[in-house]
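Okay, here's what each chain looks like letter by letter:
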Amino acid sequence: MPRSVPPPTWVIARRRAIGDRIRAARQEAKLTQEQTALRIGMDRATYNRIEQGHSAALIDSLILIADAIGVPLADLVREERPPPRDGREPPGPPGP
């Protein structure tokens, strides 16, 4: 079921960061978008939207991408520290 409300900006920013890590890993592996998309059975346009952060990737797609590029899935989604969020962030844990 498609979302009727767009995701908050902090979600889009994190999605783009994942796309940036995918692109960097793909380029390090000396693969084109077309080659990577073919390896996972996805059309290049859909793959491009994931790399650009314009499309939310299913976990299955991220697993396939990581395997096609030859990196652990964690390398594509790991964050040192999440970026700041806007006012639509979910509630965090209580303070000390």
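Here goes a summary of the coordinates provided. (Residues numbered from 1 in each chain as written. Predicted model: local features only at pLDDT ≥ 70, side-chain atom pairs only at ≥ 80, totals over all residues. Heavy atoms only, no water.)

Before going further, it helps to examine the overall build of the protein chain. Counting its regular elements, the protein chain contains 5 helices and 0 strands. Tracing the protein chain from N to C terminus, the helices and strands come up as α-α-α-α-α. Residues counted as buried form 29% of the 96 residues belonging to the protein chain. When contacts within the protein chain are restricted to residue pairs at least 6 apart in sequence, those whose partners lie at least 24 apart make up 64%. Entry remark: accessible area of the protein chain is about 6600 Å², with carbon and sulfur atoms responsible for 57%. (Helix = DSSP H or I, 4+ residues; strand = E, 2+ residues; numbered from the N terminus. Buried < 20%, exposed > 50% of the residue type's maximum accessible area, 1.4 Å probe, protein only. Contact = heavy atoms within 4.5 Å. Areas by Shrake-Rupley, 256 points an atom, 1.4 Å probe, with all protein chains shown as cover.)

Counting through the fold element by element, Ala17 comes out in helix H1 (residues 9–28). Assessed through its relative accessible area of 25%, Ala17 is described here as partly exposed. Distance from Ala17 to Gly53, taken between C-alpha atoms, is 7.6 Å for residues 36 residues apart in sequence.

Look at H1 against helix H4 (residues 59–69): their axes get within 10 Å of each other, and the N-to-C directions meet at 25 degrees. Of the possible angle classes, the one that applies to H1 and H4 is roughly parallel. Viewed along their axes, H1 and H4 form a crossing whose handedness is left-handed. Contacts from Ile18, Ile22, Ala25 and Arg26 in H1 reach Leu62, Ile65 and Ile69 in H4. Of the residues that constitute the contact of H1 with H4, the class distribution is 6 nonpolar, no polar and 1 charged. (Axes fitted to C-alpha atoms, helices over the stretch in contact; angles between N-to-C directions. Parallel < 35°, antiparallel > 145°, perpendicular 65-115°, else oblique. Left-handed = near helix turned anticlockwise from the far one by under 90°. Nonpolar A, V, L, I, M, F, W, Y, C, P; charged D, E, K, R; others polar.)

With that settled, the discussion passes to the packing of H1 against helix H3 (residues 44–52). The contact between H1 and H3 brings their axes to 6 Å, and the two run at 115 degrees. Facing Arg16, Gly19, Asp20, Ile22, Arg23 and Arg26 of H1, the residues of H3 in contact are Tyr47, Ile50, Glu51 and Gln52. Residue composition of the contact of H1 with H3, by class: 3 nonpolar, 2 polar and 5 charged.

This brings us to helix H2 (residues 33–40). Considered for burial, the residues of H2 that qualify are Gln33, Thr36, Ala37 and Ile40. Seen end-on, H2 carries its buried residues on one side only, within an arc spanning 100 degrees. Facing away from the buried side of H2 by more than 90 degrees, the exposed set consists of Leu38 and Arg39. Just beyond H2, the residue with positive phi is Gly41, at close to 75 degrees. (Arc of directions from axis to C-beta.)

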